[in-house]
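Here is how the chains run, residue by residue.
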Amino acid sequence: MTTQTRKAIAIPQVEPRKPIPTQNLRVPGPTPVPARILEEMARPMINHRGPEFSAILRRVTARLQYFFQTASPVMTFPASGTGGQEAAIANLFSTGDHVIAISIGNFGDRLATIAGKFGLKVTKIDFPWGEAADPEVVAGHLKASAPYKGVLVTHNETSTGVTNDIEALSQVIRQNNPDALIVVDAVSSLGCVPLEMDPWDLDVVFTGSQKGWMTPPGLMMIAAGPRALEANKTANLPRFYFDWQLALKNLEKGQHPTTPPISLFYALDLALELMLEEGRETIFQRHKQDGDYVRGRAKALGLRLLADHPNASNTVSAILTPEGIETKAMLKKLREEDGVVLAGGQGQLDGKIFRIGHLGHVVEEELAATLDRLEVRLTELGYKK
Ligand SMILES: *Cc1c(COP(=O)(O)O)cnc(C)c1O
């Protein structure tokens with residue numbers, strides 16, 4: 001039996017609120033939000049069932065369709081990227097369905113885990129962390145694993161700094177199974193590096209506001225193509241909050257099924273406008289340049305990249321911690337003494353690598369300062385090229 005204490009709760013003694021220090025935030029999400037966009041969020045609240053919100057939602061949706069390169073609806077949900085993973089599974093499949101999960105790291109594993117939790121039969125195709133999924137190897141596994149209903153794959157694996165060739169993977173999947181539901185986790189890639197949902201024949205693509213969109217965390221954007229919307233009609237997995245039918249019915253009215261995070265919409269609305277001003281191709285070019293820059297500087301420092309190949313990510317770089325250096329101590333020094341905030345490794349890479357995010361709003365001087373400070377602190381800790 002569980003007993004419930006019936007005591008009054010005293011006013012808690014807590015740490016006082018403190019100003020947030022200015023930092024050079026270089027983790028792969030949340031990413032820096034330009035001051036203009038932060039200010040936009042200070043606007044007053046509006047009725048989410050009123051015309052002002054509808055206008056924002058219509059504008060944001062159309063612009064997201066452009067960045068996704070899809071004629072299909074892009075739905076928005078108050079959630080982090082993981083909500084996109086869960087929404088895709090819950091809306092597409094039925095208990096016992098067989099899916100293939102291609103994983104090249106932590107987030108690919110998470111998507112497979114969610115599918116398993118929802119009662120799907122999951123066949124995993126694993127690649128060593130740091131490598132991209134080889135389309136030919138995938139083709140072989142698909143043949144051996146048929147029949148299957150869907151394929152789950154990560155576009156940019158944030159835990160390893162590797163970008164999969166989704167166009168090539170989509171081709172081999174279609175050759176093997178023209179009706180397969182191709183689900184792409186594009187949380188840390190969309191809006192930064194090329195991804196074309198319709199031209200590449202992808203069924204579901206989702207992303208998160210805090211990665212490449214110059215917007216704070218809290219909004220998940222997910223597009224479902226015709227094949228996916230058809231599958232959704234018969235998919236029996238339980239869902240309510242992430243239900244696409246509810247979302248689409250409301251979207252037609254320029255509304256959300258539930259109360260949307262209005263301030264985040266203010267932010268995304270302006271962010272998309274700024275991104276359009278900059279231009280998609282220019283944004284891609286900038287991310288490639290920044291990726292090349294970080295990799296080049298790391299190598300010049302004598303450091304080894306986890307992914308030193310053409311599939312190295314242009315949104316996040318994973319660098320092996322040199323022999324004799326303690327990753328956590330180094331990251332602490334950089335944070336406390338330089339205000340440079342980097343990410344460590346996840347899962348099997350914990351303590352072995354550190355990661356530099358260069359997606360979304362990236363100020364070149366800040367990226368240069370990151371590498372400068374890294375060099376100083378590594379040297380201080382005894383590192384020699
Ligand atoms: C960040 C991320 C996610 C989701 O993480 P949240 O913390 O839930 O936003 C999922 N997939 C990839 C590839 C990511 O980078």
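Residue numbers run consecutively from 1 along every chain, following the written order of its sequence. In keeping with the predicted nature of the model, local features appear solely for residues at pLDDT of at least 70, side-chain atom pairs appear and are counted solely at 80 or more, and the whole-chain, interface and lining totals rest on all residues. Excluding hydrogens and water, the side-chain figures rest on all heavy atoms present in the structure.

J.: Just checking my understanding: could you explain the overall build of the chain for this structure?
T.: Counting from the N terminus, the helices are DSSP H or I runs at least four residues long and the strands are E runs at least two residues long. The number of helices and strands found in the chain is 13 helices and 14 strands. This radius of gyration counts C-alpha atoms alone. The globule rule is 2.2 Å times how many residues there are, raised to the power 0.38. A compact globule built from 385 residues would reach a C-alpha radius of gyration of about 21 Å, and the chain, at 22 Å, matches this within 12%. Contacts: residue pairs with any heavy atoms within 4.5 Å of one another. Of all intrachain contacts in the chain linking residues separated by at least 6 positions in sequence, the fraction that spans at least 24 positions is 74%. Accessible areas in this description were obtained via Shrake-Rupley with a 1.4 Å probe; residue shielding takes into account the shown protein chains only. Carbon and sulfur atoms provide 53% of the accessible area of the chain, an area that totals close to 17300 Å². Only four residue types enter the charge count, namely Lys and Arg as positive and Asp and Glu as negative; His and the chain termini do not. To locate a charge, take NZ of a lysine, CZ of an arginine, CG of an aspartate or CD of a glutamate. In the chain, 41 side chains carry a positive charge and 43 a negative one; their mean positions are 6 Å apart.

J.: When you look at helix H10 (residues 262–278) in this model, what are you seeing that I'm missing?
T.: Residues that lie three or four places apart on an α-helix share one face, since the helix turns once every 3.6 residues. Here H10 contains 17 residues, and its C-alpha end-to-end distance of 25 Å stays within 8% of the 24 Å for a straight helix at 1.5 Å per residue. Partly exposed residues are those whose accessible area sits between 20% and 50% of the maximum for their type, while under 20% is buried and over 50% is exposed, using a 1.4 Å probe and protein chains only. Counting buried positions along H10 yields 12 of 17 residues, so the element is predominantly enclosed. Among all positions in H10, only Ile262, Leu264, Phe265, Tyr266, Ala267, Leu268, Asp269, Leu270, Ala271, Leu272, Leu274 and Met275 are buried. For H10, the secondary structure elements touched by its buried residues are helix H1 (35–40), helix H2 (51–68), strand S2 (74–78), helix H7 (209–212), strand S10 (219–224) and helix H11 (280–300). Phi turns positive one or two residues past the end of H10, at Gly279, with a value near 95 degrees. A helix is expected to span 1.5 Å for every residue after the first.

J.: Looking at this structure, I do not really get the packing of aromatic side chains. What am I missing?
T.: Each Phe, Tyr or Trp ring, with Trp reduced to its six-membered ring, pairs with another whose centre is within 6.5 Å; inter-plane angles below 30 degrees give stacked pairs, above 60 give edge-to-face pairs, and intermediate values give tilted ones. Under the criterion given, the structure shown has 5 aromatic pairs. With centroids separated by 5.1 Å and ring planes inclined at 80 degrees, the aromatic side chains of Phe53 and Phe265 adopt a geometry described as edge-to-face. A residue pair is termed long-range when its members are at least 10 positions apart, and Phe53 in helix H2 and Phe265 in helix H10 qualify at 212 residues. Comparing Phe53 with Phe265, the two get one shared label, buried. We call a charge positioned above a ring when the Lys NZ or Arg CZ atom is no farther than 6 Å from the ring centre and deviates by at most 35 degrees from the ring normal. Directly above the ring of Tyr266 sits Arg43, whose terminal nitrogen or CZ lies 5.8 Å from the centroid. Taking NZ or CZ as reference, Arg280 lies 5.7 Å from the ring centre of Tyr66, over its face.

J.: What am I meant to see in the site of the ligand here?
T.: Every one of the 14 residues lining the ligand counts as a neighbour, but Ser80, Thr82, Thr158, Asp185 and Lys211 are closest to it. A distance of 2.7 Å separates an oxygen atom of the ligand from a polar atom in the side chain of Gln210. Within the side chain of Lys211, a nitrogen or oxygen atom sits 2.7 Å from an oxygen atom of the ligand. Calculation on the ligand without its partners gives an accessible area of 380 Å², and the protein chains cover 88% of this total. Nearness is defined per residue: one heavy atom within 4 Å of the molecule or strand is enough. Counting of polar contacts relies on pairs of N or O atoms within 3.5 Å, with two restrictions inside protein: one atom must be capable of donating a hydrogen and the other of accepting it, and residues adjacent in sequence are counted only when both atoms are side-chain atoms.

J.: Honestly, the side chain of Asn314 in this entry has me stumped. Any pointers?
T.: With respect to the element layout, Asn314 can be found in the loop between H11 and strand S11 (316–320). In terms of polar contacts, Asn314 uses its side chain to reach the side chain of Arg295, at 2.8 Å. If near-sequence neighbours (up to four positions away) are discounted, Asn314 is found in contact with Thr163, Val193, His287, Lys288, Gly291, Asp292, Arg295 and His358.

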